[in-house]
Amino acid sequence: MMKQEKAIDFQAARRKTLLSNVIFDVIIYLTLAFVVLVTVYPFWNTLALSFNDGLDSLKGGIRLIPRKFTLRNYTNLFETDYIFKAGLISVSRTILQTVLNVFCTSLLAYSLSRKEFVLKKSLTAIIVISMYVNAGLIPGYMLTKKLGLLNNYLVYIIPNLIDAFNFILVRTYINGLPDSFVESARIDGANEFKIFLQIIMPLIIPSIAMTCLFVAVTAWNSWFDTYLYTSGKKNLHSLQYVLMSFLQASQQQSNSASNANALAVAAASGASAAQVTPVAIRASITIVATVPILVVYPFVQKYFVTGMTIGGVKE
């Protein structure tokens, strides 16, 4: 009798546990589905708007599928005379800035991670302070001018050779490596630069991949440095600056109340002619600026996850 009661209690507890696990799994899946929906929907809606007729978009109601499909928004965008040259500037600055920033930052992180380096604490403190305190916009502009970097392509590269945040990430990763690797290489006669290139660099690939992603996204999306330092030289304009200027020009065309009313009336009357409006051009600009990052991110995602856990576990 006692055994039967215990068996019944065990089965009841097991059913209760299984039910609790099912409920918990359902809640988790619903939560994740909501997060995915909230994350994906704005981008998908923007994509639909970018392929929809501009006047028709003013009516509203565009959700997931374009109501009046058109490529006019993109053709009008890429008809800009120097947009392709601006694209080359953005691509080249992104590649150069990423490669040089990662190399210089990693080299500095390796140097300041060595226990035998006397000034490592002082220099590290200075670099960390620079994350929170800077001279400001005007002194930075004056320094750039004195260095002769105004309207110079190098203004995209030289000021961005070192990044304090990435330095901390890479140095933390290097500090987690066994010192025996470096000591063995020194015994074999390798100099510090050779140790860095042939031993340290292959071991810190996750942190390098994460740093590459951070630097590349920042460089690709940057337009304010173009506005400050190279706006006077058209052949040095970046793609983001050109797109921002294009968006401002489109918005100025419909700033007056009369223009806005004319667009609204045209949209309400069901005008069939493809028109470019600020809403449509804003959507197409967003897609053009976002797609390159979306293409690159999947290839570095696994390294990004690994790099974000740097310093999370210590032995």
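(A) Local environment of the packing of aromatic side chains. The final tally for this structure, using the stated rule, is eleven aromatic pairs. Relative to Phe69, the ring of Phe51 has its centre 5.5 Å away and its plane inclined at 10°; by these criteria the two rings are stacked. Here Phe51 is found in the loop between α1 (2–50) and α2 (54–57), whereas its partner Phe69 is found in the loop between α2 and α3 (72–78), with 18 residues between them in sequence. The class of Phe51 is partly exposed, set by a relative accessible area of 23%. On the numbers, 5.0 Å between centres and 40° between planes, the contact of Phe51 with Tyr74 is tilted. With Phe51 in the loop between α1 and α2 and Tyr74 in helix α3, this pair connects stretches of sequence that are 23 residues apart. In textbook terms, an aromatic cluster arises when at least three aromatic residues are bridged by ring pairs, as seen for Phe103, Tyr110, Phe193 and Phe196.

(B) Broad picture of helix α7 (residues 164–175). The end-to-end C-alpha distance of α7 is 16 Å, a good match for the 16 Å that twelve residues give at a rise of 1.5 Å each. Where α7 is concerned, the buried positions are Ala164, Asn166, Phe167, Leu169, Val170, Tyr173 and Ile174. On its buried face, α7 sits against α4 (83–111), α5 (120–132), α9 (192–203) and α10 (205–221). Measuring from the backbone nitrogen of Phe165 back to the side-chain oxygen at the start of α7 gives 3.1 Å, which picks out Asp163 as the cap.

Rules and cut-offs
- Residues numbered from 1 in each chain as written.
- Predicted model: local features only at pLDDT ≥ 70, side-chain atom pairs only at ≥ 80, totals over all residues.
- Heavy atoms only, no water.
- Phe/Tyr/Trp six-rings, centres within 6.5 Å; stacked < 30°, edge-to-face > 60°.
- Helix = DSSP H or I, 4+ residues; strand = E, 2+ residues; numbered from the N terminus.
- Buried < 20%, exposed > 50% of the residue type's maximum accessible area, 1.4 Å probe, protein only.
- Expected span 1.5 Å × (residues − 1).
- Contact = heavy atoms within 4.5 Å.
- Polar contact = N/O pair within 3.5 Å; in protein donor to acceptor, adjacent residues only side chain to side chain.

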